[in-house]
Structure formats: structure tokens, C-alpha cells
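Working through the structure, step by step
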Amino acid sequence: MAMTAQDAGGRPETAAPYAIELKGISKAFGPVQANKDIDLRVAKGSIHGIIGENGAGKSTLMSILYGFYKPDRGRILVNGEPIAIADSQTAIRAGIGMVFQHFKLVQNFTVLENIILGVEDGRLLRPSLAKARGVLKQLAHEYELNVDPDETIEELSVGHQQRVEILKALYRQADILILDEPTGVLTPAEADHLFRILEGLKAEGKTIILITHKLREIMDITDTVSVMRRGEMVASVSTAETSPEALAELMVGRKVLLNVDKTPARPGAPVLEVRDLHLIDHEGVERLRGISFDIRAGEILGIAGVSGNGQTQLLELLGGYPEKGARVSGAIRMNGEALDLTGAGSDARTRRRRGIGHVPEDRQTEGLIMDFTAWENIAFGYHDKAEYQKGWLMDNDAIRRDAKKYMEDFDCRPRNCDLAARDFSGGNQQKLVVARELERNPDLLLIGQPTRGVDIGAIEFIHKRIIELRDAGKAVLLVSVELDEILSLSDRIAVMFDGRIMGERLPDQTTTGELGLLMAGVTDTEHHAAEDGIPPEHRHVDDLPDETANGGPR
Amino acid sequence: MDKMPKWADVILTPLISLVLAMAISALVILAIGESPAAALKTMVDGALGSSYGWGFTLYYTTNFIFTGLAVAVAYHARLFNIGGEGQAMMGGLGVALVLLSVPLPHWLLALPAAMIGAALFGAAWALIPAWLQAKRGSHIVITTIMFNFIAAALLNYVLVNILRPVGSMDPASARFPESTYLPALTDIAAAIGIQWGKNTPVNITFLIAILACLLVWLLIWRTRLGYEIRALGRSEPGALYAGISPVRIIVIAMLISGGLAGLMAINNVMGESERLVLNAVEGAGFIGIAVALMGRNHPFGVFLAALLFGFLYQGGGELALWTSIPRELIVVIQALVILFTGALDNMVRMPLERMFLALRKRRAA
Amino acid sequence: MDFNTVLQILDSAVRLMTPLLLACLAGLYSERSGVFDIGLEGKMLMAAFTAASVAYATGSAWLGLLAGIGGSMAMSLIHGLASITFMGNQLISGVAINFLASGMTVLLGQKIFGLGGRTPSLQGAARFQEITLPLADTLGQVPVIGPIYAQLISGHSILVYVAFLAVPLTWWVLFRTRFGLRLRAVGENPASVDTAGVSVTRLRYAAIGICGVLTGIAGAYLATSLSAGFVKEMTAGRGFIALAALIFAKWRPWGALGATFLFGLLEAIANRYPNLDLGIVTVPSMFMNALPYILTVIILAGFVGRAIPPRAGGEPYVKER
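Quick caveat, the model's predicted, so the values are computed rather than measured.

Reading the values: rules and limits
- Residues numbered from 1 in each chain as written.
- Chains lettered and ligands numbered in written order.
- Predicted model: local features only at pLDDT ≥ 70, side-chain atom pairs only at ≥ 80, totals over all residues.
- Heavy atoms only, no water.
- Helix = DSSP H or I, 4+ residues; strand = E, 2+ residues; numbered from the N terminus.
- Rg over C-alpha atoms; globule rule 2.2 N^0.38 Å.
- Buried < 20%, exposed > 50% of the residue type's maximum accessible area, 1.4 Å probe, protein only.
- Lys, Arg positive; Asp, Glu negative; His and termini not counted.
- Charge placed at Lys NZ, Arg CZ, Asp CG, Glu CD.
- Contact = heavy atoms within 4.5 Å.
- Areas by Shrake-Rupley, 256 points an atom, 1.4 Å probe, with all protein chains shown as cover.
- Buried area = accessible area lost by both parts, 1.4 Å probe.
- Salt bridge = Lys/Arg side-chain N within 4 Å of Asp/Glu carboxyl O.
- Polar contact = N/O pair within 3.5 Å; in protein donor to acceptor, adjacent residues only side chain to side chain.
- Nonpolar A, V, L, I, M, F, W, Y, C, P; charged D, E, K, R; others polar.
- Expected span 1.5 Å × (residues − 1).
- Bend = angle between axes of the 7 residues up to and from the residue.
- 1 Å grid on protein atoms, 1.4 Å probe; cavity = no way out; pocket = protein on both sides within 12 Å on 5 of 7 lines; lining within 4 Å.
- Points joined across faces, edges and corners; volume = space filled by probe spheres on them.
- Phe/Tyr/Trp six-rings, centres within 6.5 Å; stacked < 30°, edge-to-face > 60°.
- Lys NZ or Arg CZ within 6 Å of the ring centre and 35° of its normal.
- Core = buried A, V, L, I, M, F, W, Y, C linked by side-chain atoms within 4.5 Å.
- Pairing = 2+ DSSP bridges.
- pLDDT = per-residue confidence, 0-100.
- Axes fitted to C-alpha atoms, helices over the stretch in contact; angles between N-to-C directions.

1. Some points on the overall build of chain B
A tally of regular secondary structure across chain B gives 15 helices and zero strands. Relative to the compact-globule value of 21 Å for 365 residues, chain B shows a C-alpha radius of gyration of 21 Å, a close match. On the principal axes, the C-alpha backbone points of chain B span a range of 80 × 55 × 40 Å. A burial count over chain B gives 59% of its 365 residues as buried. Each charge class in chain B can be summarised by its mean position, and for the 23 positive and 17 negative side chains these summaries are 14 Å apart.

Here's what the structure looks like:
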């Protein structure tokens with residue numbers, strides 16, 4: 001029997017047991033305590049949100065519930081019955097299904113083969129496949145979950161792959177569905193579709209647990225919400241009785257400064273001019289479809305967008321290392337001089353020589369060599385600089401001197417440059433990268449997801465440094481999927497969707513709603529009416545090609 | 001956070017692995033009805049008990065230093081070069097071609113010329129697998145295995161059809177000119193008035209091998225190229241981000257690796273047999289894998305491990321001579337060392353990590 | 001070259017391809033499950049030794065076969081321990097197994113038989129005899145088809161037929177059964193199998209177990225059928241040729257049949273014509289022997305169709321954190 005959200009919010013002492021009840025769950029990975037003494041109750045037929053920063057322990061907790069990890073301590077009750085979930089098979093039999101953040105699909109199998117994997121009927125495949133085909137048709141009809149059962153996974157879009165994951169869970173007759181960060185890879189429209197599906201499932205009496213770090217999703221769809229912070233459960237409340245501000249404070253443990261102190265920008269001459277960039281990747285997919293923009297000295301251009309809409313390709317291309325096998329066209333000018341797009345002069349080394357610093361989106365596989373010491377990492381990408389050479393050898397003393405100074409300047413802790421990069425926390429790792437790139441005083445800084453997985457203290461520090469760089473007359477290209485970050489740092493905002501720039505806005509004259517529409521691919525022209533009062537002198541329309549400029553009043 | 005201290009990782013784990021490998025080897029000796037203690041004594045006496053024994057031990061050590069360094073350099077770029085055997089074979093061909101075609105009046109001239117030939121041929125044999133890996137993504141392990149067999153066939157062909165002197169039935173080249181014979185260590189020792197290692201094959205190449213250890217250490221940890229090799233080995237996306245070309249580094253690392261393997265020929269072909277024979281390498285290329293694993297891909301570790309295997313090799317020969325234990329025992333020991341230090345590494349490491357973690361927790365509490 | 005010569009070469013090719021085919025299919029099971037196996041050579045060698053030893057001791061080829069399977073299974077178990085249980089490097093483990101077999105066979109052989117690593121030669125029931133298929137004599141008189149049946153198809157040891165039957169069987173297991181589906185899945189994305197509640201470890205052990213059985217048969221065939229006893233290093237690189245054939249076959253059963261036939265044929269031709277005179281050039285036997293390796297490098301280079309190994313191959317499965 002389904003309870004309504006209002007009932008669940010007040011935790012009524014009714015006879016109906018909870019769908020899920022966790023008591024005192026703890027889990028450590030080596031020296032890291034991922035979950036500490038966690039209690040959680042989820043009412044039947046409700047949508048329960050679990051929110052927290054990256055690394056707060058949300059995914060670990062749900063993986064325990066799904067039998068993927070074994071807890072060190074604690075009890076699990078499903079529908080009031082205590083149950084020992086030793087493996088995923090037990091969880092599946094208890095009616096628990098999970099959609100992981102990184103899908104667990106076999107890429108070269110068909111949808112049907114993926115669906116039956118692990119729950120085949122009998123030793124031969126043919127009857128299982130036939131049965132699954134029937135069930136799938138029915139489920140598709142019931143929940144708007146259409147996918148071609150004979151398509152292989154690698155042919156499907158990300159959104160459709162997620163549907164397959166949900167279908168997998170439903171085919172296993174899951175009553176309790178856990179979704180881990182399901183919207184990270186979706187466009188807002190796809191996310192809305194997903195939420196409709198979830199509402200439909202709830203209406204059928206299913207229980208849904210939604211893990212996310214996005215406050216908006218919690219407010220939009222959940223009935224109740226639990227907040228995790230550093231492995232602990234810090235609150236469980238009814239969504240109707242809380243606010244985004246209150247949740248944000250719970251997440252980070254103190255009041256969050258949503259605004260960054262900064263003075264208005266005083267843009268100078270264009271530093272970077274990008275014209276009609278196209279990039280077709282090795283699979284023949286066009287990832288960039290005619291990108292054009294300028295960044296002037298002393299301003300921050302923020303690029304907003306759902307991840308996977310070409311931002312990564314743009315950063316990599318500007319940074320000098322587009323994906324292997326990609327075909328590129330267009331033009332980039334740096335301080336008025338053309339940059340090579342292909343050939344030997346287009347690599348990252350040359351880009352750095354031309355004054356481009358780059359804090360990459362993924363610091364752990366790109367920005368740092370995790371096994372290298374901090375001082376070795378401080379030279380990374382600049383290791384060929386003349387001041388680091390001494391005859392045939394490298395001048396390691398000179399590098400260490402710089403490393404010590406940079407770590408001091410950026411308050412990197414622990415202050416030991418002989419430690420390997422992996423021995424630093426996420427925030428301090430990011431500080432190492434930011435220090436390395438900022439201390440070279442680049443004319444242009446490319447910075448992707450500057451605060452992903454970074455603790456709040458380091459976030460404020462890094463934001464302050466970016467603004468200082470701008471105030472020193474440098475140009476900054478900021479790419480982030482966090483709209484708040486874009487809004488608070490940028491002097492101008494460009495929104496990317498499907499390899500295009502859908503439009504430009506000024507941060508103080510737009511809303512998240514408007515940006516959300518652009519992120520969903522709704523073009524400027526379609527929403528011309530929504531746009532008013534932007535003074536033309538604030539928009540660099542004359543530098544932009546027609547397709548993005550035509551929305552602006554001329 | 002590190003799970004255990006660095007010294008435990010670098011010294012304790014390989015040491016325990018080695019002890020395990022040796023313990024099982026002892027069991028094997030027991031199983032074939034011999035006494036491990038007596039076998040060990042025979043080996044120590046034969047390999048280390050006299051300057052004669054040392055002369056052979058160091059000769060084998062020289063071979064293994066080169067092939068071990070070859071594997072180690074490639075490994076730093078995360079390339080598993082199993083092709084040392086073939087590259088060393090080709091190195092031998094390079095030596096033979098240089099010494100048989102260019103008249104060189106003195107070994108001081110012949111040595112650098114032969115070294116260039118050896119390194120060039122070894123490097124060339126590594127070049128194709130390297131290029132295929134870098135450009136086409138062909139798995140270097142498989143291609144280098146294939147190239148070992150191709151090298152054997154090629155060498156066989158060249159020896160039988162081209163280099164074999166008229167009238168000879170042996171698949172071997174003619175003797176090298178006497179002027180190119182390398183000084184043996186016993187000659188060098190005699191020159192400074194010490195009688196050492198008479199009638200042993202160890203020669204000046206041993207000193208070159210030690211020099212090679214030093215140079216490889218400098219290369220890997222003190223040069224820009226070494227920095228780039230290590231960076232690529234740890235993260236290819238990272239290398240690209242830093243402007244390091246993976247194609248360039250893969251090719252260069254494999255050229256150095258192949259060159260080092262090829263240089264082994266200076267020792268066995270030029271220094272010892274003084275002509276090119278069919279099976280000159282005798283598996284030293286494969287022993288290089290064990291040596292590099294055992295030595296943790298560090299030149300100093302490689303030196304120590306090569307010494308160990310030099311001892312095993314010479315000691316194994318002595319065993320075959322004086323007992324009924326065949327010399328294949330060392331192949332078994334070699335297999336066990338590779339197994340325990342390379343593949344079963346975690347079997348030793350995981351309990352150790354747990355132990356250190358528990359220790360730390362207790363100290364913290 | 002007359003019809004009879006062609007038949008003889010083909011007949012010889014069939015005999016020579018049999019161990020390759022068995023080893024290739026063995027590798028196929030292992031690698032399809034995500035466990036790379038460059039130790040096929042060592043497993044086959046160990047199997048050949050144990051098979052020959054037991055066949056000699058008991059006088060029964062069948063007991064020899066069982067012992068062969070036992071021998072290679074022991075090697076498989078070591079490989080499993082290293083690459084599945086202890087998540088070690090599969091390539092290094094394979095290298096170790098090759099040396100282990102190479103050394104142990106001689107060590108044990110010398111201890112038991114004292115013949116420098118050989119076993120005494122096998123006679124009578126200690127070897128698998130050639131089977132004459134029904135009606136071979138009568139049909140042999142029919143032109144063309146007759147000799148093909150009587151000489152090429154009939155007259156092999158039972159293990160040859162086992163090897164050929166293993167091809168459709170493998171195809172059926174792989175693509176028509178639950179086990180095959182899971183096996184393929186675990187080699188592509190083990191996390192998909194793990195989250196479906198199926199044990200990755202058990203599946204992979206099953207795969208290397210089958211690999212052990214097949215290399216066991218291959219080794220037994222070498223020592224008790226193709227030859228009459230074990231000699232030192234008798235596999236002579238066949239394990240690596242099988243590996244090459246596996247890549248050539250793009251990890252597919254029918255492809256394995258084609259690739260091993262090709263390589264068997266090359267060996268048969270090289271044996272018959274040490275210096276093959278093609279009119280314009282004389283092809284030395286060394287070249288014919290190296291040809292499988294050369295062809296494999298060309299395939300690996302991707303110039304003639306790309307060989308894509310199972311995606312999770314070579315990597316131990318560690319639950320991500």
C-alpha cells in the first residue's frame with residue numbers, strides 16, 4: 001500500500017513497515033571511513049532523496065544496500081524484515097534494483113541480452129529471450145520506457161542506456177529502485193522525462209531512492225530527503241518542510257556563501273578569438289558544431305551546459321590535445337596571432353608557450369600524475385622550461401624551490417613536496433594544479449570544473465584566485481556544470497548544447513530558469529520574448545557569428 | 001593515503017616473494033630426491049667459491065643486466081617488452097655483420113663499432129612492435145612474442161644461407177678477426193698484477209653493463225626524457241595534457257629497450273663465443289623479465305637481481321655437473337621468481353598491508 | 001603436384017592443426033572471460049608430459065589423457081590464483097607458467113625416467129590409435145570423394161575428431177546458452193555480471209578450467225597420438241601459434257577452425273618442401289615456419305580487418321571505489 005508524501009514526512013507511527021530501514025551502518029575502505037553509523041528510513045511508495053557533496057558516502061551506502069559492498073557493522077531491514085544482504089543476488093531477490101551512475105551494461109550485447117543477464121530462465125537462451133521480449137513490450141507500454149530490444153547498447157544514446165538500466169531493474173521485479181546521480185549525463189529534457197517515469201513508478205506503489213548533489217532535483221521530486229556529510233547522516237526531513245538554503249547548509253556544515261565578492265569587470269583587448277570551431281571525433285560524431293566566441297583581457301567567460309555537450313572537447317582542443325583521430329576545423333587567435341589547429345604546432349606544449357594555462361576537468365588522470373611527488377607535479381607540462389634544465393639533466397633543485405613556494409602561496413597542505421599527489425585530499429590536489437597553472441601567469445586560463453570534488457574551503461580559495469587573475473588583466477575561460485559557480489564567477493555566460501553555443505547572457509540579468517532552457521537546447525530565437533533589457537554594449541555581439549548573435553537586439 | 005611504508009613496499013615485499021620462491025624451489029629439490037642444503041652448497045661453491053666460479057657468475061650477470069635493463073626501461077613507459085630474446089638475437093647479428101665486414105685493427109675500435117651494430121639491430125627489432133603499438137594500438141606483448149619467433153627464423157636463415165663459411169656444416173658464422181677479441185677481466189686483473197678468474201668468459205663488457213645501469217638510472221630519474229617516459233607510463237591522458245607525445249615516447253622507450261637488449265651481444269657474441277652461433281642468447285632475454293620484476297625496474301635492483309640470476313645460472317650448471325639435478329632447475333626457479341614477484345605480488349602485499357594498517361590503528365588508538 | 005600429394009599434405013595439415021585448434025579454443029574460453037593467457041604453451045607442455053608418463057606407466061592412452069588434463073589443470077589453477085584471486089598481472093603469470101612447465105617437465109622426467117627429459121617411447125594401447133571410419137575401404141574405391149573420405153577424413157585418432165567437434169560445440173555454448181552469455185559478458189564488462197548477482201570469480205575460474213581441459217587434450221594428443229612419447233620442449237611454440245590463431249580468428253570459434261587450418265597447412269607444406277621452389281623464388285622452410293607469426297603481426301597491425309580483443313581482457317576485476 002502506498003503512503004503519500006505528506007504521511008511519510010511526519011514519520012507516522014503506523015503499522016506499515018518502512019520499505020528500507022538501515023540501522024548503524026558503518027563501512028571503511030582501508031584507512032578511509034566511508035560510512036559512519038548510518039540510520040535511514042524510507043517509507044513505502046515514496047521518493048526519498050539522499051543529498052550530499054562528492055565523497056560524502058552516498059554511493060557507498062547505496063552500494064551496501066544493493067549488496068555490492070559488505071558493511072563492517074549495522075543492520076538492514078527490508079519491508080520490516082531483517083535481511084543479510086551478502087551479494088547483489090540477495091538484494092535483487094529482496095526486490096531492490098539499482099541504476100548505477102556508471103551503467104553496468106555490456107556494450108556489444110543487445111538490449112534484450114543485457115536485460116536477461118543473470119536472471120535467465122534455464123540453461124538455454126532462446127526461451128529467456130522470448131519471454132523478456134514480451135515483458136519488455138508490456139513495461140515499455142506501462143512506463144513510457146521505449147527502447148528497441150534488438151539494438152546493441154553501443155548504438156544507444158545515454159538517455160536510452162539509462163532506460164535499459166531501469167528496465168533491467170523492473171524486469172527483476174524491483175519494488176525499491178535506487179538511482180545514483182541519474183541526471184548527471186542527461187539534458188534537462190531527458191531529466192524531466194526520467195522524473196515523469198519515476199512519478200509513474202511511484203504511482204504504481206514502488207519506492208524510489210534518488211541520490212544526487214543537485215538541490216533543485218531534491219526540491220522538485222522527492223517526498224523526503226536525507227543529508228549526508230563526510231560519511232555521516234546529518235539530517236532526515238520532509239522536503240515540504242525544508243528549503244534549498246537549509247539543505248545546502250546541512251550539506252557543507254556551515255552557511256554557504258552563494259555569492260563571490262567581485263568588482264565589475266573592465267574588459268580590455270580580445271585575448272582569445274575563436275571562430276567557427278568544428279570537431280568530429282573518431283567515431284564520426286560532430287562534437288563541436290561551429291563554436292565562436294571572444295574572451296577579452298580582464299574578463300571571465302563562463303560556459304554553462306549539461307556535461308557531454310562538447311565542453312570537454314572544446315577545452316581539450318584549446319588546450320592542445322583533441323582526442324586521437326578527431327578532425328578539426330576553424331580558427332583560433334591568441335593575442336591576435338593564429339594558433340595551429342593541427343600538426344606539430346597544435347600540441348599542449350606549444351599552447352603553453354603561447355601563454356595558455358589549463359586546469360583540466362579531470363585532475364586525477366590529466367592534471368596530475370598521481371604517483372609522482374608534489375614537486376614533480378609542479379613541473380608537469382612545464383618540465384621542458386629552460387629554467388628547469390641543467391645541461392643534459394633536469395634541475396630538480398630548481399623545481400623543488402618552485403614547488404615549495406607555490407605550495408606556500410596556495411596554502412597546500414600538508415606542506416610536504418615529497419609526498420605523492422595521491423596522498424593529498426581532493427581540494428589540495430586541485431590547489432596543486434591551480435598553483436602550477438596560475439603561478440606561470442598565463443594570458444589565458446582554461447579551467448574546467450574547478451571545484452569538482454573539492455571541499456568548500458578550497459572552493460572559496462580557488463574562486464578568489466580566479467578572480468584575482470582576472471583583475472590582473474588576464475582572460476579566463478571557465479567551464480562548469482555547476483550553474484551556481486558559473487553565475488557567481490562569470491562576467492559573461494555562454495551556454496553550450498550539442499556542440500553549439502545556444503546564447504550568451506550576463507549573470508546579473510538572467511535566471512537559472514532561462515539558462516536551463518538554453519541548456520536544454522531551446523534557442524535564443526524561440527525565446528526571444530523572454531529576453532529583454534540587456535544593453536547591447538554589454539554583449540559582444542559584433543564579435544559573434546550570426547547564428548548566436550541573432551537573438552540580441554541590434 | 002599510503003597503506004604501508006615505502007620501505008616495506010620496495011624491500012619487504014620482493015624479499016618475502018623471493019623467500020617464497022626459494023622455499024618452493026627447495027621443495028622441488030626435495031621432491032626429486034635431493035637435499036636442498038647440499039644443492040645450495042654445490043651452487044655456492046661452484047658459483048661463488050672461487051674466482052673461476054665468479055668469472056662465470058659475472059659473465060651471466062652481464063647478460064642479465066642488459067636484458068633486465070631492457071625490460072625495465074620499457075616498463076617505465078608501461079610497455080611489457082617480452083621481445084628481449086629476439087632483440088638480443090638481432091643484436092648478435094649486428095655484431096657479427098660489423099665485425100665480419102669492417103676490418104678493425106684493434107678491439108678499442110671494434111668495441112664501439114660492434115656496440116653500435118648491436119644496439120642498432122636490437123633497437124630496429126623493437127621498432128616495428130613499438131610503432132605498431134604507438135600508431136595502431138597493436139598489443140606490444142603479442143607483437144614482441146611474434147618477433148622473437150620471427151627473429152629466430154631469420155637468424156637461422158642468415159646463418160645457414162649467408163654467414164655460414166663454405167664447407168662448414170654448423171649453422172654458425174666464421175670466427176671474428178682476432179684483432180677484435182675483447183680483453184677478459186682476467187687479463188685486466190693480470191695487468192694490475194692480480195691473478196683472478198683464469199679461463200672465464202667474463203670480459204670488459206661487465207664494466208660496460210655497470211655503466212649502463214648508471215646511465216639508465218640517470219635517464220629515468222634525472223632527464224627530461226625519463227620524466228616523460230615515467231609520466232606516460234603512469235597516465236596517457238596526463239601525458240597528452242602536458243604536451244608529451246605518446247607516439248614519440250613509446251617509440252623512443254622501445255628503441256632504448258631494444259638497444260639495451262641488443263647490447264647483450266657484446267658480451268656473449270663478441271666477448272665469449274667470438275662468432276655468431278644459432279642459440280647464442282640461451283633464454284637470457286626471458287630471464288631479463290624476471291630480473292626486472294625482481295629488481296622493481298630500478299637499475300640498482302636490476303643489478304642485484306642480475307647478480308642473483310648469474311649465481312643461479314652458474315650454480316645450476318654446477319649442479320648439473322656434480323649432482324643428478326638437471327640445469328632446468330634454474331628455469332623452475334626463474335619461473336617461481338617471476339610468479340611470486342610479478343604475478344602473485346598481491347598474495348604477499350595484501351596481508352602485509354592489512355598488517356601495517358592494523359599496526360597504525362593500534363598506534364593511533 | 002598430383003591429387004594424391006594434395007591429399008597427403010591436407011591429411012598432414014589436419015594432424016598438425018589439431019593441437020593448435022584445441023589450444024586455440026582453450027584460449028578462446030579463457031580470453032572471452034577476460035583472462036589473457038599467454039601460458040597456453042606451458043599448459044600444453046605440462047599436459048604432454050603427464051599424459052606420456054601416465055600412458056607409459058599404465059599402458060593406457062585414456063589414463064594418459066586424464067593425466068594430461070590433470071597436468072594442464074594444475075597450471076590453469078596457478079594462473080587463476082594469480083590473475084583472478086590475487087588480481088595479479090595475467091601476462092606475467094602466463095610467462096611464469098611457460099617457464100614452470102618447461103623446467104618441471106625436464107626435472108620430473110629426468111627424475112622418473114633418467115632419459116634427459118624424455119619419456120620412453122609409447123607403444124600399443126599407450127597411444128591413441130588411428131580410427132578407420134565405417135566403409136572407408138569400400139568407399140575408397142570411388143574416384144575423388146573416395147580417397148578424400150578414406151585418407152583425409154578417416155584414419156585419424158579420436159582426439160582429432162574431438163577437436164573438430166569442439167568447434168560447433170564451443171559456438172553453441174558461447175552463443176546459445178546461459179553460461180555462454182555470462183562468459184561473454186564477464187569478458188566485456190565484469191561489473192555488469194557482478195551487479196546482476198553472478199560471481200565474476202566463479203565464471204572466470206570455470207573458463208580457465210575449460211581452458212585447462214582443452215590444453216590437456218592438446219598436450220595428450222601431441223605426446224600420445226602425434227608422437228610416441230614426450231620429448232623436451234615438444235610443444236615447440238605451438239602454444240604461441242595457437243595464440244596467434246586466436247587473434248587471427250578474432251576470438252570466434254569458426255574463425256579458430258580456419259586460422260588453425262591455415263597454420264597447420266603452412267607447417268605441413270614446410271615439412272614436405274624444406275625449400276619450396278615457386279619458379280621465381282625459392283621459399284626457405286624458415287620463412288614458412290615464421291609465416292604464422294608474420295601474418296599475425298599484420299592482422300594485429302589492423303591493416304587487414306581489425307582484431308578487437310574482449311574489452312575487459314587482461315584486467316583483473318576490482319570493484320571500483
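2. Topic: the overall build of chain C
Check the secondary structure of chain C and you find 13 helices and four strands. Principal-axis analysis of the C-alpha atoms places the extent of chain C at approximately 70 × 50 × 40 Å. A burial count over chain C gives 61% of its 321 residues as buried. Across chain C, every contact between residues at least 6 apart in sequence was considered, and the portion connecting residues at least 24 apart equals 77%. Just so you have it, chain C exposes about 11900 Å², and 66% of that area is on carbon and sulfur atoms. Distance between charge centres in chain C, computed from 21 positive and 14 negative side chains, equals 9 Å.

3. Focus on the interface of chain A and chain B
Tallying the contact residues gives 31 residues for chain A and 24 residues for chain B. Buried surface at the junction of chain A and chain B, summed over both partners, amounts to about 2400 Å²; 59% is from carbon and sulfur atoms. It is A:P31, A:R349 and A:F372 in chain A that bury the most area against chain B; as a group they hold 21% of the surface buried on that side. Here chain A is connected to chain B by three salt bridges. The partner of A:D371 in a salt bridge is B:R234, with the nearest N and O atoms 3.4 Å apart. Counting every contact that joins chain A to chain B gives 14 residue pairs in polar contact (both at pLDDT 80 or more). Mapped by element, the contributors of at least two residues to the side of chain A that touches chain B are α11 (348-353), α12 (363-367), β18 (393-394) and α15 (426-439) of chain A. Residue composition of the side of chain A that touches chain B, grouped by class: 11 nonpolar, eight polar and 12 charged.

4. Some thoughts on helix α1 (residues 6-31) of chain B
With 26 residues, α1(B) extends 37 Å from end C-alpha to end C-alpha; this agrees with the ideal 38 Å at 1.5 Å per step. For α1(B), the principal kink sits at B:L12 and spans about 30°; a proline, B:P14, occurs within the next four residues. Restricting attention to buried positions, one finds in α1(B) the residues B:A8, B:T13, B:P14, B:S17, B:L18, B:A21, B:S25, B:V28 and B:I29. Close packing links the buried residues of α1(B) with α2 (36-48), α12 (284-294), α13 (299-322), α14 (329-343) and α15 (345-364) of chain B together with α4 (90-113) of chain C. Two residues or fewer after α1(B) comes B:G33, characterised by a positive phi angle close to 80°.

5. Section: helix α5 (residues 107-136) of chain B
Residues and elements named next belong to chain B. Compared with the 44 Å implied by 1.5 Å per residue over 30 residues, the 42 Å span of α5 between its first and last C-alpha is a close match. At L127, α5 shows its strongest bend, of approximately 30°, with the proline P129 following within four residues. Two residues or fewer past α5, G137 is found with a positive phi of approximately 70°.

6. Describing the pattern of salt bridges
Going through the model one piece at a time under the given rule, you end up with 49 salt bridges over all chains. A salt bridge links A:K405 to A:E439; its shortest N-O distance comes to 3.5 Å. You can see A:K405 sitting in helix α14 (residues 396-409) and its partner A:E439 sitting in helix α15, a full 34 residues away along the chain. Assessed through its relative accessible area of 44%, A:K405 is described here as partly exposed. Residues B:D9 and B:R349 are paired through a salt bridge, measuring 2.3 Å at the closest nitrogen-oxygen approach. Of this pair, B:D9 sits in helix α1 while B:R349 sits in helix α15, and the two are 340 residues apart along the sequence. With relative accessibility at 27%, the residue B:D9 sits in the partly exposed group. Salt bridges linked by common partners bring A:R349, A:R353, A:D384, B:R224, B:E228 and B:R248 together as one network.

7. Remarks on empty space enclosed by the protein
Enumeration over the complete set of coordinates arrives at four cavities of 30 Å³ or more. Computed from the structure, the largest cavity encloses a volume of approximately 100 Å³. Forming the boundary of the largest cavity are 13 residues, of which A:Y66, A:M98, A:E165, A:K168 and C:T195 lie nearest the centre. Only β6 (96-99) and α6 (158-171) of chain A provide two or more residues apiece to the lining of the largest cavity. Here the residues of the lining of the largest cavity sort into seven nonpolar, two polar and four charged. Empty space within the second largest cavity amounts to approximately 60 Å³. If you trace the second largest cavity, you find it lined by B:Y59, B:Y60, B:N63, B:F64, B:V281, B:E282, B:G283, B:A284, B:I287 and B:Y313. Mapped onto the lining of the second largest cavity, the elements with two or more residues apiece are α3 (51-76) and α12 of chain B. If one sorts the elements of the lining of the second largest cavity by residue count, α3(B) sits on top with four residues. Looking at the lining of the second largest cavity, its residues break down into seven nonpolar, two polar and one charged.

8. As for the packing of aromatic side chains
Two measures describe an aromatic ring pair: the distance that separates the ring centres and the angle between the ring planes. Throughout the structure, instances matching the rule amount to 23 aromatic pairs over all chains. Between B:F286 and C:F99, the aromatic rings sit 5.6 Å apart at their centres with planes inclined by 65°, giving edge-to-face as the arrangement. Taken as a pair, B:F286 in helix α12 and C:F99 in helix α4 lie in two separate chains rather than in one. Cluster of aromatic residues (ring-pair linked, three or more members): A:F29, A:Y66, A:F68, A:Y69 and A:F100. Geometry around A:F461 places A:K431 over its ring, the cationic atom sitting 4.9 Å from the centre.

9. Considering the nonpolar core
Of all hydrophobic cores here, the largest spans 196 residues; its most connected members are B:F64, B:V95, B:L99, B:I266, B:M270 and C:I38. Once you skip the residues sitting within four places of it in the chain, B:L99 turns out to touch B:L104, B:A110, B:A114, B:F176, B:P177, B:T180 and B:M270. In terms of nonpolar packing, the next biggest core, distinct from the first, is built from 80 residues, A:F100, A:L156, A:I221 and C:Y317 among them.

10. Topic: the pairing of strand β3 (residues 47-51) of chain A
Residues and elements named next belong to chain A. Among the five residues of β3, five are classified as buried, and the element is accordingly described as predominantly covered. Judged by which residues are buried, β3 turns out to be covered on both faces: I47, G49 and I51 on one side and H48 and I50 on the other are all buried. In the sheet, β3 pairs with strand β8 (residues 207-212) via five bridges, with the strands oriented parallel. Paired with I51 across the bridge in β8 is T212. Examined bridge by bridge, β3 and strand β9 (residues 224-229) share four bridges and lie parallel to one another. Opposite I50, over in β9, you have S226 as the bridge partner.

11. A few points about the interface of chain B and chain C
If you look at the interface, chain B gives 46 residues, while chain C gives 42 residues. Taken together, the two surfaces of chain B and chain C that pack against each other cover about 3600 Å², and 83% of this comes from carbon and sulfur. The three residues of chain B that bury the most area against chain C are B:R136, B:M146 and B:F149, which together make up 16% of that side's buried surface. For the pair chain B and chain C, the number of links is one salt bridge. When the shortest N-O distance is used, the salt bridge between C:K232 and B:E328 registers 3.0 Å. For the pair chain B and chain C, the interface holds six residue pairs in polar contact (both at pLDDT 80 or more). For the side of chain B that touches chain C, the secondary structure elements donating two or more residues are α1, α5, α6 (140-163), α12, α14 and α15 of chain B. Among the elements that take part in the side of chain B that touches chain C, α6(B) stands out by supplying 13 residues, more than any other. Across the side of chain B that touches chain C, the residue classes break down as 33 nonpolar, 11 polar and two charged.

12. Examining the confidence of the model for chain C
Overall, the predicted model of chain C reaches an average pLDDT of 92, with 98% of residues at or above 70. Among the scores for the predicted complex, ipTM is 0.92 and pTM is 0.87.

13. Comments concerning the sheet that holds strand β20 (residues 475-479) of chain A
Pairing between the strands of a sheet comes from backbone hydrogen bonds, and it takes one of two forms, parallel or antiparallel. Residue and element names in this part refer to chain A. Strand order in the open sheet made by the six strands is β16-β19-β20-β13-β21-β22, with mixed pairing throughout. Bordering the open sheet on either side are β16 (356-359) and β22 (500-505), each of which pairs with just one other strand. Going from strand to strand, the sheet's axes swing by 20° on average, the running direction of each strand aside. The pairing of strand β19 (residues 444-448) with β20 spans five bridges and is parallel. Following the sheet pairing, L444 is matched in β20 by A475. The strands that α15 touches are β16 and β19; relative to β16, the one it contacts most, it runs at about 175°. Across the face of the sheet, helix α18 (residues 512-519) comes into contact with β21 (492-497) and β22 while running at roughly 35° to β21.

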